[in-house]
Amino acid sequence: MESLVKFVQDEFVTRKDLPEFGAGDTITVYYEIREGDKVRTQFFRGVVLQRRGTGSSETFTIRKMSGTVGVERIFPVNLPALQKVEVNKRGKVRRARIFYFRGLTGKKARITEKRR
């Protein structure tokens, strides 16, 4: 049964060309918002906490600080409203899921940038 689901996902679901990014990277996601008849583009810039899943059901979680409140948003990779993803900084972290980042404040919440 799993192979059938995988076959359908590979054949019929269109893949979006996203840049390579992972946990610790700072990215900007541009997506469409529909308000009645109007369509506008909004962006969400933050640190990637995790990438989860495979194939068409893959998602990624982004966290940003809005004032003193942390805001997290989960984006499916195959979201039709997703326009583009830009990688602003590559972060150097040792884990694939950095949930410990939620509890950090101030200078401890900085992620060092990867050297190229």
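Residues numbered from 1 in each chain as written. Predicted model: local features only at pLDDT ≥ 70, side-chain atom pairs only at ≥ 80, totals over all residues. Heavy atoms only, no water.

**Quick notes on the confidence of the model for the protein chain**
This prediction gives the protein chain a mean pLDDT of 90; 98% of its residues lie at or above 70. Per-residue pLDDT, averaged within each element of the protein chain, yields its smallest value for helix α1 (residues 2–12) (75) and its largest for strand β2 (residues 38–52) (96). (pLDDT = per-residue confidence, 0-100. Helix = DSSP H or I, 4+ residues; strand = E, 2+ residues; numbered from the N terminus.)

**Structural notes on the side chain of Asp 25**
Tracing the backbone through its elements, the reader meets Asp 25 in the loop between α1 and β1 (26–35). Taking relative accessible area as the criterion, Asp 25 reaches 4% and is therefore assigned buried. Within the local environment of Asp 25, its side chain forms a polar contact with the backbone nitrogen of Gly 22, the two atoms lying 2.9 Å apart. (Buried < 20%, exposed > 50% of the residue type's maximum accessible area, 1.4 Å probe, protein only. Polar contact = N/O pair within 3.5 Å; in protein donor to acceptor, adjacent residues only side chain to side chain.)

**Quick look at the pairing of β1**
The two faces of a sheet get side chains in turn, since along a regular strand they alternate between them. Taken together, the ten bridges between β1 and β2 define a ladder with antiparallel strand orientation. Within β2, the position partnered with Tyr 31 by the bridge is Gln 42. Counting the residues in the hairpin turn of β1 and β2 gives two residues, including Gly 36, whose phi is positive at 70°. Sheet topology note: the β1/strand β5 (residues 82–89) ladder contains six bridges and is antiparallel. (Pairing = 2+ DSSP bridges.)

**Re the nonpolar core**
In terms of nonpolar packing, the biggest core is built from twelve residues, these being Phe 21, Ile 27, Val 29, Tyr 31, Phe 44, Val 48, Phe 60, Ile 62, Phe 75, Val 77, Leu 82 and Val 85. Listed by contribution, the elements that provide at least two residues to this core are β1, β2, β3 (59–66) and β5. A per-element tally of this core places β1 first, with three residues. Formed by five residues, the second largest nonpolar core is a distinct cluster that contains Ala 23, Val 47, Ile 98 and Phe 101. (Core = buried A, V, L, I, M, F, W, Y, C linked by side-chain atoms within 4.5 Å.)

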